[in-house]
Amino acid sequence: MASHDNDIPGDEAPEQHERTYSTGHLSLDKSGEDASGTPADGIPTDSPEAPPDLDSEAAQIVHQDRDIAVAVGDNLVEIRDLTVQFGGLTALDAVTFDIRRGEILGLIGPNGAGKTTCFNAMTGVYKPTSGTVTLEGKPLRGMKKHAITRAGFARTFQNIRLFGEMTALENVVVGLDARHQTSVLGALVRSPRHIREEKTSIEHGMALLEFVGIADKAGELARNLPYGYQRRLEIARALATEPKLLCLDEPAAGFNPAEKEELMALIRTIRDDGYTVLLIEHDMKLVMGVCDRIVVLEFGKKIADDVPKAIRENPAVIAAYLGVEEEDADGAA
Amino acid sequence: MTSPIEDVAASQAHADEQAEETRKPTRFAGLQRWWNGLARPQQWLVLGLVAVLLYALPLLNPPLLTTPGYDFPIVLCDMARFALVALGLNVVVGQAGLLDLGYIGFFAVGSYVAALWTSTDSTMVKIPYLATLPLAMIVTGFVGVVLGLPTLRLRGDYLAIVTLGFGEIIRLLATIIPALKGNTGFQNIGSPPGAWNGKPVFTITNGTPWFWLFLTVIIVVTLLLGNLERSRVGRAWIAIREDEDAAEVMGVPTFKFKLWAFTIGAAIGGLSGALFAGQIGFVNNQKFDVATSMLFIAAVVMGGAGNKFGAMIGGAIVAYLPYRFGFIADKKYLIFGVVLVMLMIFRPQGLFGARNHLLAYGRSIKRQAARLRRDARGDAALKEGA
Amino acid sequence: MSTFLQVIVNGLGQGAVFALLALGFVIIYKATETINFAHGSLVLIGGYVAFAVKPHLGWLVAALVGVLVAAIAGLLIERVLLAHSRNASPDSLAILTIGVDVIILTEVTRRLGTAAAPFLGDPYDNKAMQLLGLTVSRTYVVALVVAAILIGLFFLAFRYTSWGLEMRAQSENREASALMGIRSWRVTASAWAVGGALAGIAVLFLATNDIGGGSGLLSSHTVAFAAFPAAIIGGLTSPGGSVVGGLVVGLANAIAAQYVSLDFANVAVYLVMLVVLLARPAGLFGKVEQLRV
């Protein structure tokens, strides 16, 4: 185990660190690196804002290590006929799609199409009116939100919802706590398990913060962080729960193009580290650049489900975003 | 007369203010910096010295603090009692963010437990007084669970009124259940053993040994609560207070931890009730009214959300002022009402709003983070130089 | 049997008064999302002024003045205190109203202290009348009639006037309604004024021997506490529910007082509230909110 620059006693080496690094990514239509070692997304890897090398300590600790029953490329999550109705309004109408392990799936559509509603129905925030969501073959119907998170879904929010009075590191550790087993009594008397889990929390938490690139402000209150840091902190906190599926809800909202590039790189690194990602986004360049497949919603219904290239040319999708062409009074289109 | 734009501008201004506050030096900032600069053993030393000073207070009876017309050690007991209550209520209101307006109910249950099992007026079997302390905690904790199970599922607004109702129910039960002897109450409540020169140490006239007992209990409870704070439990509570729905989505079992907060708060309330019963030697149904619940809330709110030392100081002040300044004694509710209103308008975060530290080994990251900042600055300088 | 009917009539009469209180409380909650723990103080202030003015200007004028003062008190609380604490959390606002309640309570109690029990129900207190073969106190009948008229008027206004529309819109979505041109301060201020006015009317029946008991105005603050469980039973967001809640509380109170004991009556009200909440966590007519994340 590499030496760590903190107070963890050297003799304790919990098994979680004995990880072998493995690439889990699908071989997809991705541009590789060019000769000078700069990845095609344009960020030189020695810049402090670049996501860490997958060999780095931080990435090692963050690496997805949970046993997933499904092989890479097979369906991790299946959404079948998911319907959500509010009173008379049907926000989601029999939506069906799969999420395969190891992919980055984009969920797009015009405003009001039902993308966040879909997220909410999957993560238990809304109770679906009908339909099923299964994770590794097991249905998630009726489970409480925190149980769904422990089963393997994690998410970020469209409007940032960090715990403002906690520091960045504390926010992340709350996510890590989802996997801890210390009981209340154990915490009260500082049981060995509590001490062990607290110590590894610091290490894991800092690694996660380094992974998303905000470790320099680890001790600052979340509500005082710059906007870009807050968005990335949300991602770190979600990753801390060791999800099987990471759902990002408009993670690039409010970012300038350079920041969006960094985010794209981060998302790719997250996937390469073994996670599966479901992404809601409005920025087409980002979606096309990072997603392996795309699902398009309109008015609560799925209208397309394909690779980016095909989606770009799908007339139904174009019509949903741009409207159907109309003829002017003088006949010109 | 505001438009949404003005509203947004106002909340942005407020957020800026808050950020400013954490940066600019507060009147306690110098103290905080000095404190955070000390190494752990030194911090313990300072706390030890403060503890010794507190233990010595009733013997010193310092002229600045003394209360003419009232027995100083007894006043100290009252202050300690309020401090302990504030400590417990702080867990519920300050940390978990559950507005409990009926806390006096738990206090009452604890008092009656002590009375029923030690008083000569009671028909129950007698047990040593000190044994009633854990018994009171268990009984009140149980009551807390019974009350919490149905009510903690409710929205926050409903919770406040339901807990208020609970406080009232306890008070009314004390009146109408014959075994609790309503207005007559219980006398000759027991006390801890011990004799000095042939006379018992703990009497109702000598406040000093009782104060020492209160203080010891407070110290133990503070240590234990500190352990909880710097663990997943404390983090869960603050997360629930800040954003309950986000917390649950992050995997926090919110109902379970809300129930724990409620129960622990209840147990501490019961403990302080039992101590109060022993110290004052007499329990009846006149001491547990809604106005006292409000005083408790005032104490916690004054101290600052979640800050246990602030809450204890707030409690001590609320108890102390009417004794020290006799002229406010009859107006004390009025004054605390005004204080509450002023605080909520101008400083809802309380007088001593210090941040909770929620990581057991959080100090170690300061070095790490500083190193990272240095590296980042170094890289930036490199880029500029290049 | 006739005792039972009498108890029912008493219960409904009391319930009508509680309905007025609960309605005012819920109107305030709907418009400002604040639990107004100072509602009992609005009752007390209106009653105190009415009592002070009564010897000089007669009962009717005094009653009107009392109602007006209570409405103004509500308005002042909102405009002076709440409007300047916009960034406080809902809990802080609730605590603020507790502070206000304590202030007003101690002040009014101090001023009333030495007065012989202050009563306000001169036209009907302690006067019996015959109704369908029962002997009932006139207070209950007048209370029922007045409450029915006022509640009816309120619901008509709520449904058919622009004020009512503004109130409903604002309680759904404050920003959207402001964007639609609804001046939010007018809605909140008028809600508090109406709440205060209803409290001022309620005190005319609470400070009587029949409903309030022997200490008249002095106990009306404590009796007004029943508005809280009444509003909860009906559902904090439902004005209609608050009326039902008020009647339920009145009946529970009367039945428990008659068949168990006077002390138990207070407990009974809270027990009924707990039972209702167990079955319907948002009250009988309250809405369970859907989160938007």
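Predicted, not measured: the structure shown is a model, and the values here were computed from it. (Residues numbered from 1 in each chain as written. Chains lettered and ligands numbered in written order. Predicted model: local features only at pLDDT ≥ 70, side-chain atom pairs only at ≥ 80, totals over all residues. Heavy atoms only, no water.)

Caption draft 1: Focus on the sheet that holds strand β8 (residues 276-280) of chain A. All names here are of chain A. Spatially, β6-β7-β8-β3-β9-β10 is the arrangement adopted by the six strands of the open sheet, whose pairing is mixed. The open sheet has two edge strands, β6 (153-155) and β10 (301-306), and neither has a second partner. Adjacent strand axes in the sheet meet at a mean angle of 20 degrees when their direction is disregarded. Two strands pair when backbone bridges link them, and strand β3 (residues 104-108) and strand β9 (residues 293-298) are joined in this way by four bridges, in the parallel orientation. Across the sheet, residue L105 finds its bridge partner in β9, namely R293. This element, helix α7 (residues 227-240), spans β6 and β7 (245-249) of the sheet and lies at about 160 degrees to β7. (Pairing = 2+ DSSP bridges. Helix = DSSP H or I, 4+ residues; strand = E, 2+ residues; numbered from the N terminus. Axes fitted to C-alpha atoms, helices over the stretch in contact; angles between N-to-C directions. Contact = heavy atoms within 4.5 Å.)

Caption draft 2: Spotlight on the sheet that holds strand β5 (residues 138-139) of chain A. Residues and elements named next belong to chain A. One open sheet holds the four strands; their spatial order is β2-β1-β4-β5, and the pairing between them is antiparallel. Each having just a single partner strand, β2 (89-100) and β5 make up the two edges of the open sheet. Bridge count between strand β1 (residues 75-86) and β2: eight bridges; the pairing is antiparallel. Its bridge partner lying in β2, Q85 is registered against T90. Contacts from helix α2 (residues 115-123) reach β1, β2 and β4 (130-135) within the one sheet, and its direction differs from that of β1 by about 110 degrees.

Caption draft 3: Summary view of the side chain of S41(C). Looking at where S41(C) falls in the secondary structure, it is placed in helix α2 (residues 39-81). Not counting residues up to four positions away in its chain, the partners in contact with S41(C) are V100(C), D101(C), I104(C), L105(C) and H221(C).

Caption draft 4: Highlighting the pattern of salt bridges. All names here are of chain A. Going through the model one piece at a time under the given rule, you end up with 26 salt bridges over all chains. The residue E165 makes a salt bridge to R223 at a minimum N-O spacing of 3.0 Å. Of the two residues, E165 sits in the loop between β6 and α4 (168-177) while R223 sits in the loop between α6 (192-212) and α7, which places them 58 residues apart along the sequence. Classification of E165 by relative accessible area gives partly exposed; the value is 28%. In this structure, the salt-bridge partner of R293 is D305, at a minimum N-O distance of 3.1 Å. With R293 in strand β9 and D305 in strand β10, this residue pair connects regions lying 12 residues apart in the sequence. Its relative accessible area of 10% is what places R293 among the buried residues. Overall, the relative accessible area of 29% leaves D305 in the partly exposed class. Three or more residues joined by partner-sharing salt bridges are found here, namely E103, R293, K302 and D305. (Salt bridge = Lys/Arg side-chain N within 4 Å of Asp/Glu carboxyl O. Buried < 20%, exposed > 50% of the residue type's maximum accessible area, 1.4 Å probe, protein only.)

Caption draft 5: Structural context of a nonpolar patch on the surface. There is a patch of nonpolar side chains on the surface, built from L144(C), V145(C), I149(C), L153(C), L156(C) and Y160(C) and spanning about 600 Å² of accessible area. One can find Y160(C) in helix α4 (residues 138-160). (Patch = residues over 30% accessible without salt bridge, like charges linked within 9 Å, V, L, I, M, F, W, Y side chains within 5 Å. Areas by Shrake-Rupley, 256 points an atom, 1.4 Å probe, with all protein chains shown as cover.)

Caption draft 6: Summary view of the interface of chain B and chain A. Each side of the interface is counted separately: chain B has 46 residues, and chain A has 49 residues. Between chain B and chain A lies a buried interface of about 4,500 Å² when both sides are counted; carbon and sulfur atoms form 62% of it. By the criterion of area lost to chain A, the three top residues of chain B are R232(B), M250(B) and Y361(B), representing 18% of everything that side buries. Close ionic contact of R235(B) with D177(A) constitutes a salt bridge, the shortest N to O distance being 2.8 Å. At the boundary of chain B and chain A, one finds 12 residue pairs in polar contact (both at pLDDT 80 or more). For the side of chain B that touches chain A, the secondary-structure elements that each account for two or more residues are α1 (4-23), α8 (207-229), α9 (232-242), α10 (244-249), α11 (254-280) and α16 (364-385) of chain B. With 10 residues, α16(B) is the largest single contributor of residues to the side of chain B that touches chain A. (Buried area = accessible area lost by both parts, 1.4 Å probe. Polar contact = N/O pair within 3.5 Å; in protein donor to acceptor, adjacent residues only side chain to side chain.)

Caption draft 7: Summary view of the domain arrangement of chain A. Residues and elements named next belong to chain A. Split by domain assignment, chain A resolves into domain 1 (36-65 + 159-234) and domain 2 (75-152 + 243-332). Each partner contributes to the interface: domain 1 provides 18 residues, whereas domain 2 provides 21 residues. Between domain 1 and domain 2 lies a buried interface of about 1,700 Å² when both sides are counted; carbon and sulfur atoms form 58% of it. Put simply, domain 1 and domain 2 have two residue pairs in polar contact (both at pLDDT 80 or more) between them. In terms of residue class, the side of domain 1 that touches domain 2 is built from 10 nonpolar, three polar and five charged. (Domains from an automatic or database assignment. Nonpolar A, V, L, I, M, F, W, Y, C, P; charged D, E, K, R; others polar.)

Caption draft 8: The side chain of T132(B), seen in detail. Residues and elements named next belong to chain B. In this fold, T132 is placed in helix α6 (residues 129-151). Owing to a relative accessible area of 0%, T132 belongs among the buried residues under this scheme. Side-chain polar atoms of T132 contact the backbone oxygen of Y129, separated by 2.5 Å. With residues near it in sequence (within four places) discarded, T132 still touches V113, A114, W117, T118 and I127.

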